[in-house]
Amino acid sequence: MAPSGKHFISDPKTLVRNSLTGLAMANPHLAFDEQQKVTFTKDLADLRQQQVTLFCGGGSGHEPAHAGFVGHGALTAAVSGHVFASPTSSQVLSCLRRVYSEEHGTLVVIKNYTGDVLNFGRAIERFKSERVNHGKPLPNVATVVVDDDVGVVNPNDDSEGGVGRRGLAGTVLAYKLAGAQAAAGGSLEQVKNIADYAVSHSFTIGCALNAASVPGQGMPRSLKDNEVEIGMGIHNEPGFETKELQAADILIPSLVKHI
């Protein structure tokens, strides 16, 4: 199994824009703000009047991880950064301004990565500050941080003040349940509570046959043909074990046991 850094792309610099533009063209219910890289539902103005709104986001190496879940009963919008880079606080602020519901409030779903936590948190504080400076009341914004990955290298990371568990597949479950609650007319407190419930009951572990290849940068490292890495992160963060590749009916039970 030779490692590959090949991709069907035109230009790494326009990859995010091209991908999300195509996503919006293929899905008539979506609109795309190219400058801020925000994908949102076209009936956003109506939704802000009707229900709690919610959005998520992250690096665009994973698209359509978030933008692909924008729609009724799920996300109201998604903000995208560069490939393997979090959205900037200015991008998140732009998304929050667009999505915020004056009447019902807004839930922000954040994956537990340093860049995401810092930039989303900073954007929320900037949003609060600008509203107060314009004589408006503090906005009704709640946050949920998803941390379902149990494959982190150091199990004591949380207690030692590190980043802790990363946000993985549980993120989708959190905002899908929260989106359904919002669409059903739930309050911001109810929407946040069900998202928190999803996060506290979600546990994820990944394994990989090789590292991911970033367009324009090639392969960062490679595993041997007969190796599998347990706990490798979606940004090629090292896992906690590299071992000989096993048959799926042997490997999967060991992953479930770890969870």
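Quick caveat, the model's predicted, so the values are computed rather than measured.

Draft legend 1. Quick peek at the packing of helix 3 (residues 89-99) against helix 4 (residues 114-133). Following both chains from N to C, one finds helix 3 and helix 4 inclined at 55°, their axes separated by 8 Å at the closest point. One finds that helix 3 runs oblique with respect to helix 4. As helix 3 packs across helix 4, the resulting crossing turns out to be right-handed. Contact with helix 3, carried on its side by S89, S90, V92, L93, L96 and R97, involves N119, F120, R122, A123, I124, R126, F127 and E130 of helix 4 and no other residues of that element. Looking at the contact of helix 3 with helix 4 residue by residue, the classes come out as seven nonpolar, three polar and four charged.

Draft legend 2. Main features of the sheet that holds strand 9 (residues 241-244). Reading across from one edge, 7-8-9 is the order of the three strands in this open sheet, with antiparallel pairing throughout. What marks the edges here is a single partner per strand, and that holds for strand 7 (207-208) and strand 9. Bridge analysis of strand 8 (residues 227-230) against strand 9 gives four bridges, and the strand direction is antiparallel. Among the inter-strand pairings, V228 is bridged to a residue of strand 9, identified as K243.

About the criteria used
- Residues numbered from 1 in each chain as written.
- Predicted model: local features only at pLDDT ≥ 70, side-chain atom pairs only at ≥ 80, totals over all residues.
- Heavy atoms only, no water.
- Axes fitted to C-alpha atoms, helices over the stretch in contact; angles between N-to-C directions.
- Helix = DSSP H or I, 4+ residues; strand = E, 2+ residues; numbered from the N terminus.
- Parallel < 35°, antiparallel > 145°, perpendicular 65-115°, else oblique.
- Left-handed = near helix turned anticlockwise from the far one by under 90°.
- Contact = heavy atoms within 4.5 Å.
- Nonpolar A, V, L, I, M, F, W, Y, C, P; charged D, E, K, R; others polar.
- Pairing = 2+ DSSP bridges.

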